[in-house]
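Listed below, chain by chain, are the residues.
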Amino acid sequence: MKRLLLACVLCSLGAGVASAATITNGSFEAEDISPDSWRILGAGSPGLPGWIIGGDGVDVKHSAYYPASDGNQSIDLVASSGSGDIRQVVNGLSVGSTYRISFDYAANPAVRRGVVIRFAASIGNFRDAITVGTNTLTRGVVNWTPASFDFTAGNTSERLRFASRASGSASGAMIDNVSISLVPVPAAGILLLAGLGGLAAMRRRKS
Ligand SMILES: [Ca+2]
Ligand SMILES: [Ca+2]
C-alpha cells in the first residue's frame, strides 16, 4: 500500500513536469529582418511573432550590426525614444509549481557613457527591476549577461513582460534568449510529500 502511495505521489509530480510551458519566439528569430541591420517596430506591430509590442516601440537588431546572444537577432527595448515593452501570455502552467525565466541582457553599445539603463521583467505577481551597467561599453561589442528569476504560478496562464525604463536616448536595454523551465521539486520535498500521503492513508484506515 505504502509503495503504491509513493508511486502515486511520484506520478502526480511527473504529471506536473509533463505540462510544458514554452515561450513563443523567445530568441526573436521568427521573422528574419536581414538584410536590414535593425528594424524599428512600433506599438501593435505584428513584426515580432508571439509578442505584443507596447509603449514607444522596440527594435530588432541583427547580428550583422550587433551580435545576438543566441541566433542572429535580439531586441532593443527602446526604439527611437521613450520606453518600449514586449509581452506575451505563457500558457500551460501548473498552478503552485515554480518556474524559472531565463534570458540574456545587455546595454545597447550605442548608449552614451554615463547614461543609466534600466528595465523591468515581470510575470504573474513577480516583478524585478534590473539596472544595466554602462561603464564597460565598447562600441560594437555587446556584453551579454545571463539572468534568471523564479516565480510560482498562480494561474495556468500568466503574462510575461519586459519593459524599458527610459534611457533618454534611442538606445536601451537589449534582451535575447528568453526561455522558461520548471524548477524541479527537491528530493527532500518529494519524500516529505510521500510521507504525508502515507500518514493520510494510515489515518483513513484507522478511522
Ligand atoms: Ca536571438
Ligand atoms: Ca533603439
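Residues numbered from 1 in each chain as written. Chains lettered and ligands numbered in written order. Predicted model: local features only at pLDDT ≥ 70, side-chain atom pairs only at ≥ 80, totals over all residues.

(A) Broad picture of the nonpolar core. The biggest cluster of nonpolar side chains holds 39 residues, and the ones touching the most others in it are Ile 75, Leu 77, Ala 173 and Ile 175. When residues of this core are traced back to their parent elements, those giving at least two are β3 (58-62), β5 (84-90), β6 (98-107), β7 (117-123), β10 (158-165) and β11 (173-182). If one sorts the elements of this core by residue count, β6 sits on top with six residues. With residues up to four places along the chain from it excluded, the contact list for Ile 75 reads Phe 28, Val 58, Val 60, Ile 86, Met 174, Ile 175 and Asp 176. (Core = buried A, V, L, I, M, F, W, Y, C linked by C-beta atoms within 7 Å. Buried ≥ 20, exposed ≤ 12 C-beta atoms within 10 Å, placed from the backbone. Helix = DSSP H or I, 4+ residues; strand = E, 2+ residues; numbered from the N terminus. Contact = placed C-beta atoms within 7 Å.)

(B) View of the sheet that holds β3. In space, the six strands of this open sheet follow the order β1-β3-β4-β11-β6-β9, with antiparallel pairing throughout. Only two strands of the sheet have a single partner each, and these edge strands are β1 (38-41) and β9 (145-152). Taking the axes of each pair of neighbouring strands and ignoring which way they run, one obtains an average angle of 30° across the sheet. Pairing analysis gives four bridges linking β1 to β3, with the strands arranged antiparallel. Each bridged residue has a counterpart across the sheet, and for Leu 41 the counterpart in β3 is Val 58. (Pairing = 2+ DSSP bridges. Axes fitted to C-alpha atoms, helices over the stretch in contact; angles between N-to-C directions.)

(C) How the structure looks around the sheet that holds strand β8 (residues 126-132). Read from one edge of the open sheet, five strands run β2-β5-β10-β7-β8, paired in antiparallel fashion. Edge positions in the open sheet fall to β2 (52-55) and β8, since each of these has one partner strand only. Neighbour to neighbour, the strand axes of the sheet diverge by 20° on average, direction disregarded. Of the pairings in the sheet, the one linking β2 to β5 comprises four bridges and is antiparallel in character. Its bridge partner lying in β5, Ile 53 is registered against Ile 86.

(D) Main features of the environment of Gly 82. Relative to the helices and strands, Gly 82 is located in the loop between β4 (73-76) and β5. For the pair formed by Gly 82 and Gly 57, sequence separation is 25 residues and the distance between their alpha carbons is 8.2 Å.

(E) Fine view of unusual backbone geometry. Following Ser 34, the chain continues to Pro 35 via a peptide bond in cis, the omega torsion being 10°. Along the chain, the position of Pro 35 falls in the loop between α1 (2-18) and β1. The backbone of Asn 25 sits at a positive phi, close to 55°, despite the residue not being glycine. Position of Asn 25 among the secondary structure elements: in the loop between α1 and β1.

(F) Looking closely at the environment of Ser 37. Within the secondary structure, Ser 37 is located in the loop between α1 and β1. Take Ser 37: there are 13 C-beta atoms within 10 Å of it, and that puts it in the partly exposed class. Separated by 27 residues in sequence, Ser 37 and Ala 64 have C-alpha atoms that sit 6.2 Å apart. Sequence-distant contacts of Ser 37, defined by excluding residues within four places in its chain, comprise His 62, Ala 64 and Tyr 65.

Nothing here speaks to function; it is geometry throughout.
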